Structures are given as C-alpha cells and as structure tokens.
Amino acid sequence: MKIKEKIKNFIAENGSFIFSAPAVLWQVLFLYVPFFLVLYSSFKRVADSSLHDLTFEHYATLLNSAYFYIIARSALIALGVTILSLLCAYPVAYFLALKVNRRWKNVLLFLLTLPFWTNFLIQIYSWVFVLDYNGLINMALLKIGIISEPLHMVNSTYALFLVMLYYYLPFMIMPLYSILEKIQHDVLEASMDLGATHWQTFRRITIPLSMSGIKTGVFLVFVPAFGEFAIPAIIGGSKYMYVGSLVSHYFLVARDNQLGSAFTMVSGLVLITCALLFNWLCAVPAQVAQKEVE
Amino acid sequence: MRTASSYIMPIAVAAFYLFLYIPIFVLIVFSFNDNAFTYSWLGFTTEWYSDLFASTEVWHALKNSLLIAISSVALSLTLGSVLVFFGSRAAVKRLLLLFYGSLAMPEIVLAVGLLSLFSFFAVPLGAITLIVGHTLLGLGYVVPIVHARFIELDVSLIEASYDLGATKRQTFFSVVLPLLAPALVAAGLLVFIISLDDFIISFFCAGASVQTLPLYIFAVIRTGASPMINALSTLMLLVSSFLVLLFSFLHIHKSRMPK
C-alpha cells in the first residue's frame, strides 16, 4: 500500500518528465546514438577489434579519386535535379497559388498529390515502360520514322536524371505553393500601381517573399537526391556508382561496415557543407539588396 | 484583355501534368495487355489481376506492410501526443529540433545507423526492427504537426477542465485528444502512407525473415518484372487516390469549421 502511494506521488510530481521521456528516448536511441555508433565504427580496424584499437586507415582508403568521383557525381546530379526542379516547379506553383480559380485549384492539387502518394518504386518503374528499348518513346519515334533503330535510354545518366526530376518535382512544388499562396494580391497590385513592370514585381516582390519556400524545397530535394539509392538501382543499372548505391554495397553486400561507415561519414560531411554553402548563398542577395536600399 | 503570353503559363502547366501522368497512364494500360514478354499490344486481358489475387506472396507482403504501418502509426501517435501534452511547453519547444533530425538526414543515413545499432546489440532483424525504424520516421512528422495544433488550442479550455476538477489524465483523454483529432488523423494518415511506401529503411532493416510490399515489388522489378506488378500498381493507385480524396475531404472539412 505504501509503495503504491509512493509511486503515485512520484508520477504526480514528475509526470511531465515521465510522459515526455519515451518519445525523446526513442529519437535519441534510434537516431542520435546510431550516429555515434557509425562514427565509432568508422575508426575501428575490423568489426571485432577491441575498444581502443582505433585507426584512420579507412579514411586513408577513401583518399582516392574513385571515391571523390562517386561523391562528386552524386552531388552534381542532386544539384542539377534541384536547380531544374526549382525552375520547373516555380511556374507551376505560381500558377496554382495565384492564377487559377478555386475549383480548378482543388482538382489540380489533387492531381499533383496523387503520384506523390503512390508507391515510389512503382513511379520509378513506370518510367521503364516509357524509356525501355521497346518502350513507348522508341515505339512512337520508330512509327513516326524519326529513328530507324531504337535508342538505348534506360541505364543512361539522362534517364536517371529525368526520373529523379520526375520523382522530386512534387517535393519542390508543395513548399513553393504553400508559401506563394500566402502572398496577398494587394502587394503585387501595389507594386504594379507604383509603376513596376511584371518582371520587376516578380524579381523584387514575389521572389523575396517566397524565399523560405525555395529554401525548404531545395532541402527537400537536394538531401534525399544526394543519397538516392533506389532510382539508380532500377533505372541506372550498374554503370555508375552513386553515394547511395556504394553505401548499400558496403553494408549489405560487401559487409565491410567499417569502410562503409567512414564513407557514410565523409558523404554526410560533404552534404552538410553543401547545405551550409547554400544557406550562405541565400543570405548574400539579401545583404546586397540591403546595401542597395542604403 | 488576353494576349498570347497569358496562354504560355497554362500550357506550361498542362505540359507539366502530362509529364506527371504519362508513366502512370502507360502503367495502367499495360496492366491489361495480353503480352508478358514485350511491350507490343496483343489484346485486352485481366489475367494479371487474377494472377495477382492468386499469388500468396503478394498478400503475405501486404499483410506484413499493413501490420508494420499500423503499429508505427499507433506508436508514433501515442508517443507524440503524450509528449506534446504532458511535456512542459518550454521543454517541448526546445525538444522540437530533436525531431527534425530524421527529416534533415538522407534516409539512407538513418538506415545505416539503425542497422549498425541493431547489429551492435545483436538484435535480430525483422518486423520489430522495421516498426522501430518507421516509428522513428513517423515521430519526425507527428510531433511537429500535433505540436503546431496543440499550441493553437485555446488554453482556457484546458484550464476550465482543471477548474472543474478533472485530473491531468482526464483532461488529456476527454478534452485535449478530441480537440487534437484533426491533427492526429492527418499525421496518422501521413505516417501510414510513409510506412507503407518506405523502401530504404525496410531494405536495410528487414533482414531475410520479413518481406514488405515495397521489398516484394523491388525484388520482382530487379529479376525481370511481370505484368502482375502493373496490376498491383494500378490497384495501389486506386487505393491511394481514395486515401488522398479522404485526406482532402478531412482538410476541407477542417477549414470549414468555425474558428
């Protein structure tokens, strides 16, 4: 009886801590502890080496141009996909947010989210039908007579790029749309009334107001695109290695967790550097604009 | 006045939607093609659909996927809403950053970390490890969504509940949870879809013992696909469009509620 009372009191006094602990613990145990485990594992000589037998040899192994090319290739593809998807997504988001009437807007938004909620492997796989040696594009081009031999499109970097663009576009459109939707029409009209051209209004008003949406979209596309694994595995064949494919190779095929961990760490570092660089780049135009005003 | 330039944008948007839907359209058409080996059209068939319903492997994978998705939704909603309500407001606001971690990293890094953790403690891979991983992903969405709704709630409602003599637990179940319902449904649906769709964490943390639907699809695509996958995709497309409609209906419903 006394113990029960004690427990009751303890819960009453520390309820806030007890009930909030599980979620926090879950996140720490399964997200942040593993991070340090991977870091630690990247310094271990072999899988079952003792606690103090640490080495830099895996990082030394990575000082090889082959690894540099893999990381650079992933970063470049991710960058290309990000820039192109921003360029394609902006007009679509702008149209949806500011130009279309309410009824059409709901229909178009529904059509936009549908592929987004569809199984992602199926989205990628459906492109095989379009791009394959006997696929839709080749069939159409042969029928029209533009080509006499089917083109090899699957397994090329172009195909990979196209499919990644396809998959990531909605991730760019959604944040852009939700920020553009908040822009008041009055602000744009005021700018036009004060004599600004369409282009000036767009550059000086719309873009600065949508900057946070651009930032979110860029992160939502660049980060997963950099570590992409399934799209090269299905579309890209085995012609080139990407960061995602190499990481999965080390952990699931070669079972070299130490080198894999080191490679994951280095790639992660590159990713963080890119993110910081982008953040800095975003801050520069604001400062320049500030100077212009002064 | 309408000039030529005012048509450019609608045309560009139409082209975008065409780009978005061509592969899906092709997929659906080929699910009815009576030709298993090449892409040429040999006639209409529903053979792949009957194959699909006869296949035990698909339904087993679907059962695993649903089980894992439902468990992850239940776990992340429980942990998330309890944290948001019982944690002190200042602490939760600071802790929020902790939950963005899983969104800021590429999923493959999360997967590698989880795999390292499980192999370090010799945890056998299987459905449990998948639930752990998907709940981790889920918390990253549930906590920010539910928290955003919770801080919008009228504090006086909660205070009134205490003043009328309700305990903290009673307040949670009879006042706060009903008020949070729209956010809980939205977050739960999101986590459900994410878990059902998840490939990377599943690929790393499933081991050989458990197969989910995406893992099954990947295996079939890898070993030379069968049109059965198209039939499966078409059915899944139907289910997800139903869910999206449901989701947008809930959304509209919510926005129509008086503030």
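Residues numbered from 1 in each chain as written. Chains lettered and ligands numbered in written order. Predicted model: local features only at pLDDT ≥ 70, side-chain atom pairs only at ≥ 80, totals over all residues.

> Help me get a handle on the overall build of chain B, residues and values and all.
Along the backbone of chain B there are 11 helices and zero strands. Order of helices (α) and strands (β) in chain B, N terminus to C terminus: α-α-α-α-α-α-α-α-α-α-α. Rg of the C-alpha trace for chain B: 23 Å, well past the compact-globule value of 18 Å for 259 residues, more than 25% over. By principal-axis analysis of the C-alpha atoms, chain B measures approximately 75 × 70 × 30 Å. The contacts of chain B with a sequence gap of at least 6 include a subset with a gap of at least 24, amounting to 80%. (Helix = DSSP H or I, 4+ residues; strand = E, 2+ residues; numbered from the N terminus. Rg over C-alpha atoms; globule rule 2.2 N^0.38 Å. Contact = placed C-beta atoms within 7 Å.)

> Quick rundown of the overall build of chain A? Include the residues and the values.
A count of helices and strands for chain A gives 13 helices and zero strands. In sequence order, the secondary structure elements of chain A are arranged as α-α-α-α-α-α-α-α-α-α-α-α-α. When its C-alpha atoms are laid out on the principal axes, chain A stretches across 70 × 60 × 50 Å. A total of 294 residues make up chain A; the buried ones form 35% of that total. (Buried ≥ 20, exposed ≤ 12 C-beta atoms within 10 Å, placed from the backbone.)

> Any details on the packing of helix α12 (residues 243-253) of chain A against helix α5 (residues 107-120) of chain B? Residues and values, ideally.
Close contact between α12 of chain A and α5 of chain B brings their axes to 11 Å; oriented N to C, the two are set at 10 degrees. Of the possible angle classes, the one that applies to α12 of chain A and α5 of chain B is roughly parallel. Packed against α12 of chain A, whose contacting residues are Gly244, Val247 and Phe251 of chain A, the element α5 of chain B presents Ile108, Val112 and Leu115 of chain B at the interface. For the contact of α12 of chain A with α5 of chain B, the per-class residue count stands at five nonpolar, one polar and no charged. (Axes fitted to C-alpha atoms, helices over the stretch in contact; angles between N-to-C directions. Parallel < 35°, antiparallel > 145°, perpendicular 65-115°, else oblique. Nonpolar A, V, L, I, M, F, W, Y, C, P; charged D, E, K, R; others polar.)

> Residues and numbers for the interface of chain A and chain B, please.
Across the contact, 56 residues belong to chain A and 66 residues belong to chain B. A per-element tally of the side of chain A that touches chain B places helix α1 (residues 2-43) of chain A first, with 17 residues. Classifying every residue of the side of chain A that touches chain B gives 38 nonpolar, 16 polar and two charged.

> A description of the environment of Tyr158 of chain A should follow, citing residues and the corresponding values.
Of note, Tyr158 of chain A is situated in helix α7 (residues 157-180). The spatial distance from the C-alpha of Tyr158 of chain A to the C-alpha of Gly236 of chain A is 9.3 Å, given a sequence separation of 78 residues.

> Give me the lowdown on the nonpolar core, citing residues and values where you can.
Judged by nonpolar contacts, the single largest core of 132 residues is most densely connected at Ala93, Ile124, Val163 and Ile173 of chain A together with Ala111, Leu114 and Phe204 of chain B. Per-element accounting of this core gives the leading share, 15 residues, to α7 of chain A. When near neighbours in sequence (up to four residues on either side) are disregarded, Ala111 of chain B contacts Ile200, Ile201, Phe204 and Cys205 of chain B. (Core = buried A, V, L, I, M, F, W, Y, C linked by C-beta atoms within 7 Å.)

> Which residues make up helix α3 (residues 65-99) of chain A, and what are the values?
Taking 1.5 Å as the rise per residue, α3 of chain A with 35 residues should run 51 Å; its terminal C-alpha atoms sit 49 Å apart, in good agreement. The sharpest bend along α3 of chain A reaches about 30 degrees and sits at Ala89 of chain A, with the proline Pro91 of chain A one to four residues further on. (Expected span 1.5 Å × (residues − 1). Bend = angle between axes of the 7 residues up to and from the residue.)

> Let's hear about the packing of helix α5 (residues 120-131) of chain A against helix α10 (residues 213-222) of chain B: which residues, and what values?
In contact at an axis separation of 9 Å, α5 of chain A and α10 of chain B are set at 20 degrees when each is read in the N-to-C sense. With respect to α10 of chain B, the element α5 of chain A is oriented roughly parallel. Remark: the crossing between α5 of chain A and α10 of chain B carries left-handed chirality. Between α5 of chain A and α10 of chain B, the residues in contact are Leu121, Ile122 and Tyr125 of chain A and Pro214, Ile217, Phe218 and Ile221 of chain B, respectively. (Left-handed = near helix turned anticlockwise from the far one by under 90°.)

> Report on unusual backbone geometry, specifying residues and quantitative values.
Within the chain, Arg255 of chain A stands out as a residue other than glycine whose phi angle is a positive 55 degrees. Relative to the elements of secondary structure, Arg255 of chain A occurs in the loop between α12 and α13 (257-293). For Ala122 of chain B, which is not glycine, the phi dihedral falls at a positive 55 degrees. Topologically, Ala122 of chain B is positioned in the loop between α5 and α6 (127-152). Ala122 of chain B gets classed as exposed once you count the C-beta atoms within 10 Å, which come to 6.

> How would you sum up the environment of Thr55 of chain A? Please name residues and give values.
All names here are of chain A. Tracing the backbone shows Thr55 in the loop between α1 and α2 (57-62). The partly exposed category is assigned to Thr55, around which 14 C-beta atoms lie within 10 Å. Once the C-alpha coordinates of Thr55 and Arg204 are considered, the two residues, 149 residues apart in sequence, prove to be 53 Å apart. Setting aside residues no more than four positions away along its own chain, Thr55 makes contact with Phe43 and Arg45.

> Talk me through the environment of Ile108 of chain B; I want residue IDs and the actual numbers.
Residues and elements named next belong to chain B. Counting through the fold element by element, Ile108 comes out in helix α5. You can call Ile108 buried: it has 26 C-beta atoms within 10 Å. Each C-alpha atom, one on Ile108 and one on Phe204, is 8.6 Å from the other, the two residues being 96 residues apart in sequence.

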